[in-house]
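Residue-level listing of the chains:
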Amino acid sequence: MHPMLTIAIRAARQTGNFIAKSYEKPDSIEIMAKGQNDFVTNIDKKAEQIIIEVIQKSYPTHTIITEESGQIVGEKNDIQWVIDPLDGTTNFTKRLPHFSVSIAVRINGRTEVAVVYNPMLNELFTAVRGQGAQLNGYRLRLKNSHELEGAIIATAFPFKAKQHSAAYINIIAKLFKKCADFRRTGSAALDLAYVAAGRVDAFFEIGLKPWDFMAGELLVREAGGVITDFVGGHNYLSSGNLLAGSPRMVKKMVLEMQSELSDLLKS
């Protein structure tokens, strides 16, 4: 096993156990607003600290990029751990048991290791570049879906960027004429893991941050899928506008979405 994957799994499991125990003690959860429709809890912050401590114990010189603490620059900035300690905070605060721990390791600008852990179901999604993706040790291969008819598409409303609401609703309306149904689960990391596992056929979302999708991106790629922006390019790393699925499914969705994209969503 890749040595950094071992540490990522250790960090994810320890953090997930803490989150699961905290879920059973709702009175201990303190909710704070970071911005409009954007919340953080004391559990997010403690979970993040657990991950940082596990990483730094084994790799004290590595850089760590986190959702809550920002960037902790190490001596080796070419190795970066990109972490989201609790992806699905709103679900957690509403006691909807669907959230995850997401950890990715990037070396020289390429994601090499990925872990997404759902502590409530004890589902551990892992990937190492060139070695495939797994769920609890079993190999994942996404469905090679090539038609929108019958497809289940995961997505999320742009609740932090409501200036895109009209375009998003138009995209949904266009796709809904062809696909079977949509899923909106509240955790982008798990949505991408579910694409890799074939539980949904595709996923798209507007304005994601690197810690939301870095681990899930590698899971999808290693399971045989592709990731693009909304015009089929690779600008999603900076825009956060991301589309994932089998190569044929992504191509079909890009074609369907084009007429409904605003200029901002094409960049």
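Residues numbered from 1 in each chain as written. Predicted model: local features only at pLDDT ≥ 70, side-chain atom pairs only at ≥ 80, totals over all residues. Heavy atoms only, no water.

### Looking at the sheet that holds strand β15 (residues 242–245)
Phase 1: Here 5 strands make up an open sheet; going across it, the order is β12-β11-β13-β15-β14 and the pairing mixed. A single partner strand is all that each edge strand has here, and the edge strands are β12 (181–183) and β14 (226–228). Pairs of neighbouring strands in the sheet enclose a mean axial angle of 20°, with direction left out of account.
Phase 2: Helix-sheet contacts for helix α5 (residues 188–197) involve β11 (152–155), β13 (202–205), β14 and β15, and the interaxial angle to β13 is about 155°. (Pairing = 2+ DSSP bridges. Helix = DSSP H or I, 4+ residues; strand = E, 2+ residues; numbered from the N terminus. Axes fitted to C-alpha atoms, helices over the stretch in contact; angles between N-to-C directions. Contact = heavy atoms within 4.5 Å.)

### Some remarks on helix α2 (residues 42–58)
Phase 1: For α2, which comprises 17 residues, the first-to-last C-alpha distance of 25 Å matches the rise-based estimate of 24 Å (1.5 Å per residue) to within 8%.
Phase 2: Residues I43, D44, A47, E48, I50, I51, I52, V54 and I55 constitute the buried set of α2.
Phase 3: With a side-chain oxygen positioned 3.1 Å from the backbone nitrogen of I43, the residue opening α2 is T41. (Expected span 1.5 Å × (residues − 1). Buried < 20%, exposed > 50% of the residue type's maximum accessible area, 1.4 Å probe, protein only. Polar contact = N/O pair within 3.5 Å; in protein donor to acceptor, adjacent residues only side chain to side chain.)

### Looking at the UniProt feature "binding site: Mg(2+)" (unreviewed entry) in the protein
Phase 1: On the UniProt side, "binding site: Mg(2+)" (unreviewed entry) is annotated at positions that read E67, D84, L86, D87 and D212 here. In summary, the annotated positions, though distributed over 146 residues, converge in three dimensions, the widest C-alpha pair being only 9.8 Å.
Phase 2: Considering the arrangement of structural elements, one finds E67 in the loop between β3 (62–66) and β4 (70–72).
Phase 3: On the accessibility criterion, E67 (18% relative accessible area) is buried.
Phase 4: Each residue touching E67, except ones within four places of it in the same chain, is listed here: K34, E48, I83, D84 and W211.
Phase 5: Looking at D84, the relative accessible area reads 1%, which means it is buried.
Phase 6: Aside from chain neighbours lying at most four places away, what touches D84 is E67, S100, V101, S102, W211 and D212.
Phase 7: A polar side-chain atom of D84 sits 3.3 Å from the main-chain amide nitrogen of L86. (UniProt positions renumbered as here; feature names shortened; annotations may be inferred.)

### Some remarks on the packing of aromatic side chains
Phase 1: With the rule as written, the count across this model stands at 10 aromatic pairs.
Phase 2: With a centroid separation of 6.0 Å and 70° between ring planes, the pair formed by F213 and Y236 is classed as edge-to-face. Residue F213 is located in helix α6 (residues 210–222), and its partner Y236 is located in helix α7 (residues 236–239); the two are separated by 23 residues in the primary sequence.
Phase 3: These aromatic residues form a ring-pair network of at least three members: F157, Y168, F204 and F230.
Phase 4: Here the guanidinium or amino end of R95 rests over the ring plane of Y23, the centre of that ring lying 4.4 Å away.
Phase 5: Between R199 and the ring centre of Y194, over which it is positioned, the NZ or CZ distance is 4.8 Å. (Phe/Tyr/Trp six-rings, centres within 6.5 Å; stacked < 30°, edge-to-face > 60°. Lys NZ or Arg CZ within 6 Å of the ring centre and 35° of its normal.)

### Some details on the packing of helix α4 (residues 165–176) against helix α8 (residues 247–257)
Phase 1: Packing of α4 against α8 leaves a shortest axis separation of 9 Å and a crossing angle of 120°. By the angle between their axes, α4 is oblique relative to α8. By crossing handedness, the relation of α4 to α8 is classed as right-handed. Facing α4, whose interface residues are I171, K174 and L175, α8 presents M253, E256 and M257.
Phase 2: Residue composition of the contact of α4 with α8, by class: 4 nonpolar, no polar and 2 charged. (Parallel < 35°, antiparallel > 145°, perpendicular 65-115°, else oblique. Left-handed = near helix turned anticlockwise from the far one by under 90°. Nonpolar A, V, L, I, M, F, W, Y, C, P; charged D, E, K, R; others polar.)

### Section: unusual backbone geometry
Glycine aside, negative phi is the norm for most residues, and most peptide bonds take the trans geometry.
Phase 1: In this structure, R95 is a non-glycine residue whose phi angle is positive, near 60°.
Phase 2: Tracing the sequence through the fold places R95 in the loop between α3 (89–93) and β6 (100–107).
Phase 3: Here R95 falls in the partly exposed class, since its relative accessible area comes to 38%.
Phase 4: The phi torsion at N136 lies on the positive side, around 50°, for a residue other than glycine.
Phase 5: Its place among the elements puts N136 in the loop between β9 (133–135) and β10 (138–140).

### Describing the nonpolar core
Phase 1: Core analysis: the largest hydrophobic core is formed by 36 residues, its most contacted members being V116, F125, L192, F203, L219 and L242.
Phase 2: For this core, the secondary-structure elements that each account for two or more residues are β7 (110–118), β8 (123–128), β9, β11, α5, α6 and β15.
Phase 3: Ranked by residues supplied to this core, first place goes to α5 with 8 residues.
Phase 4: Shared between two domains, this core holds at least three residues of each, these being domain 1 (3–139) and domain 2 (152–265).
Phase 5: With sequence-adjacent residues up to four places away left out, F125 is seen in contact with A114, V115, V116, Q134, L135, L140, L190, A193, Y194, A197, R199 and L219.
Phase 6: Grouped together as the second largest cluster of nonpolar side chains are 32 residues, A12, Y23, V54 and F99 included. (Core = buried A, V, L, I, M, F, W, Y, C linked by side-chain atoms within 4.5 Å. Domains from an automatic or database assignment.)

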